[in-house]
Amino acid sequence: MRILYVLIFFVSVNTCLSQKNRCSTDEYRAQLGVFKTTETNHTIDLDIANINEHTIPVVVHILYNDASQNISDERVYSQIESLNNDYNALNSEINNIPDQFIDEIGQVGFNFCLVQQDPNGNSFSGINRVYTDVESFQGFSDSMKKSNEGGVDPWDTETHLNIWVCNLSGNTLGFATMPGDVSDELDGVVIDYLYFGIDISFISPYNLGRTATHEIGHYFNLEHTFYAGCSDWDECDDTPPTSSPTYGCPSYPQTSCMTNTMTMNFMDYTDDQCMAMFTQCQAQRMRNCLLNNRSGLINNYSCTTSIEESYLSSNSFYPNPASNFLNIKESHVFVEIFDVMGRKIIELKANQRGQINISKLNCGTYFLKLQNKTKQFIKI
Ligand code: ARG
Ligand code: ZN
Ligand code: CA
């Protein structure tokens, strides 16, 4: 009996510790008072018709000089999932936006999809891994986009959003080209491999994939909210003017230019966990950019196979970690969710698309049981 107690004691201590380490986002934010607490939490009315309206074909070029830079497929999938949440206002933080800004929340309606064919028409994963002799690329250089400088040439920039993931020297998290900025062969987004995708074991303010959310905003013609100081030069009236970038994770309200700053806008410079929204104007600008300047991306032939199918051929569910939905093969089935102590937490039903809504779970480690198969997942 004593042994049992000792065992239980150990298991529970470990559980607490590991849960804290894995995901302290919520506690951290509560402590900072970043947004409002859950009592005042409200549900945002989403226009479901706009969700995932336009498919954006993505090719991810991973340039690696060592194994750590050659990030996993799962890490790439976590980035795509996070983009699809952020660009459809489906990210979990959206429910904590201060009242003042709720009406401004915009859904871009983009559905990012890893391309399913290479330029020769062969079936492809959307992830192009290329070894390079270059140990690190200079931030804001273009070498990573040039095969003769140790990089990889883009795939047709008219029909693909090219994302180069590589080791960037200096402080650059990532950078993007705005429409018309550069010639076609330099067009796209570059992200340091450390900040691409979600990695909650990595202690960093930039570990939730929002560097890509931000950079792709530039790629679709968004300026910083603080562009030209207290001006309206970002051409959006619904992003309040602000004199300079906001860093870290400030509480609400913050004041600048005699008005409250939208520090949680994806086009400011706050930490990943404290960014939460695009505005309606920003969403409209991005859609205009897609339909005009970047219309070649629409209906790219190679993105017709849904990203879900390609994940599901290798995994019993995806993504992992997940914040809002787990996707499984089966629709309308019940799954059981257990905590790490083996206690059954809840039974959930997959919808007609095989999605399981896990948005209400606290962050941490769980097990999903479906037809006698049990698999671990992390809710973030
Ligand atoms: N400094 C970069 C830029 O201006 C990216 C900032 C991204 N911020 C973040 N929280 N991930 O384009
Ligand atoms: Zn920027
Ligand atoms: Ca503005």
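From a predicted model like this one, the values you see are computed outputs, not experimental measurements.

1. Section: the site of ligand 1
All residues adjacent to ligand 1 are L173, G174, F175, Y206, R210, T211, H214, E215, Y269, D271, D272 and M275. Mapped by element, the contributors of at least two residues to the shell around ligand 1 are β8 (174–176) and α5 (210–219). Ranked by residues supplied to the shell around ligand 1, first place goes to α5 with 4 residues.

2. Re the packing of helix α3 (residues 73–86) against α5
Direction vectors running N to C along α3 and α5 enclose 60 degrees, while the axes themselves pass 9 Å from each other. It follows that α3 is oblique to α5 by the angle criterion. By crossing handedness, the relation of α3 to α5 is classed as right-handed. Residues Q79, L83 and D86 of α3 lie in contact with α5, whose contacting residues are A212, T213 and I216. Here the residues of the contact of α3 with α5 are counted per class, giving 3 nonpolar, 2 polar and 1 charged.

3. Description of the nonpolar core
For soluble globular proteins, nonpolar side chains are generally found buried alongside one another. Grouped together as the largest cluster of nonpolar side chains are 72 residues, with contacts concentrated most on V58, V165 and C166. With 6 residues, strand β1 (residues 54–64) is the single largest residue contributor to this core. Discounting residues that sit within four places of it in the chain, V58 has contacts with F112, C113, L114, V115, G126, L161 and I163.

4. Digging into α5
With 9 of 10 residues buried, α5 is to be regarded as a mostly interior element. For α5, the complete set of buried residues consists of R210, T211, A212, T213, H214, E215, I216, G217 and Y219. Contacts made by the buried residues of α5 are with α3, β6 (161–166), β8 and β9 (189–192). Just downstream of α5, N221 is the residue with a positive phi angle, here 80 degrees.

5. Topic: the environment of E347
By secondary structure assignment, the location of E347 is in strand β16 (residues 344–349). Among the residues examined, E347 registers 10 C-beta atoms within 10 Å and is labelled exposed. When the C-alpha atoms of E347 and L368 are compared, they prove to be 9.6 Å apart, with 21 residues separating the residues in sequence. Look past the residues within four positions of E347 in its chain and what remains in contact with it is F334 and E336.

6. Digging into the sheet that holds strand β14 (residues 325–328)
The sheet built from 3 strands is open, its strands ordered β13-β14-β17 with antiparallel pairing. Edge positions in the sheet fall to β13 (317–318) and β17 (355–357), since each has one partner strand and no second. As paired strands, β14 and β17 are joined by 3 bridges and run antiparallel to one another. Paired with N327 across the strands is Q355, a residue of β17.

7. Digging into unusual backbone geometry
Residue P253 is bonded to the preceding Y252 through a cis peptide linkage, with omega at 0 degrees. As for its placement among the helices and strands, P253 is situated in the loop between α5 and β10 (255–256). In the Ramachandran plot, C257 falls in the positive-phi region, its phi being about 50 degrees despite a non-glycine side chain. Position of C257 relative to the elements: it lies in the loop between β10 and β11 (259–260). Exposure remark for C257: the 15 C-beta atoms within 10 Å place this residue in the partly exposed category.

8. Concerning the pairing of strand β19 (residues 373–379)
Where strand β18 (residues 364–370) and β19 come together, 7 bridges link them in antiparallel fashion. Looking at the pairing, Y366 lines up with F377 of β19.

9. Concerning helix α6 (residues 280–291)
If you check α6, its first and last C-alpha atoms are 16 Å apart, about what 12 residues at 1.5 Å a residue would give, namely 16 Å. Among the residues of α6, those classed as buried are Q282, A283, R285, M286, R287 and L290. On its buried face, α6 sits against β1, β2 (105–106) and β12 (278–279).

10. Structural notes on the sheet that holds β18
Strand order in the open sheet made by the 4 strands is β16-β15-β18-β19, with antiparallel pairing throughout. In this open sheet, the two strands that pair with only one neighbour each are β16 and β19. On average, each strand axis in the sheet is tilted by 30 degrees relative to the strand beside it, whichever way the strands run. Of the strand pairs in this sheet, strand β15 (residues 334–339) and β16 are connected by 5 bridges, and their pairing is antiparallel. Residue pairing across strands places I337 opposite I346, the latter belonging to β16.

11. A look at the environment of G126
Mapping G126 onto the fold places it in the loop between β3 (110–114) and β4 (127–131). When the C-alpha positions of G126 and L114 are compared, they lie 4.6 Å apart, and in sequence the two are 12 residues distant.

12. A few points about the confidence of the model for the chain
Per-residue confidence for the chain averages 84 on the pLDDT scale, and 83% of its residues sit at or above 70. Confidence over residues 1–40 falls short of pLDDT 50; this stretch has 33 contacts with residues more than four positions distant or in other chains.

13. Overview of the environment of N320
As for its position among the elements, N320 is in the loop between β13 and β14. For the pair formed by N320 and E81, sequence separation is 239 residues and the distance between their alpha carbons is 9.7 Å. Other than its neighbours up to four places away in sequence, N320 contacts E74, F377 and I378.

Definitions and cut-offs
Residues numbered from 1 in each chain as written. Chains lettered and ligands numbered in written order. Predicted model: local features only at pLDDT ≥ 70, side-chain atom pairs only at ≥ 80, totals over all residues. Near = placed C-beta within 6 Å. Helix = DSSP H or I, 4+ residues; strand = E, 2+ residues; numbered from the N terminus. Axes fitted to C-alpha atoms, helices over the stretch in contact; angles between N-to-C directions. Parallel < 35°, antiparallel > 145°, perpendicular 65-115°, else oblique. Left-handed = near helix turned anticlockwise from the far one by under 90°. Contact = placed C-beta atoms within 7 Å. Nonpolar A, V, L, I, M, F, W, Y, C, P; charged D, E, K, R; others polar. Core = buried A, V, L, I, M, F, W, Y, C linked by C-beta atoms within 7 Å. Buried ≥ 20, exposed ≤ 12 C-beta atoms within 10 Å, placed from the backbone. Pairing = 2+ DSSP bridges. Expected span 1.5 Å × (residues − 1). pLDDT = per-residue confidence, 0-100.

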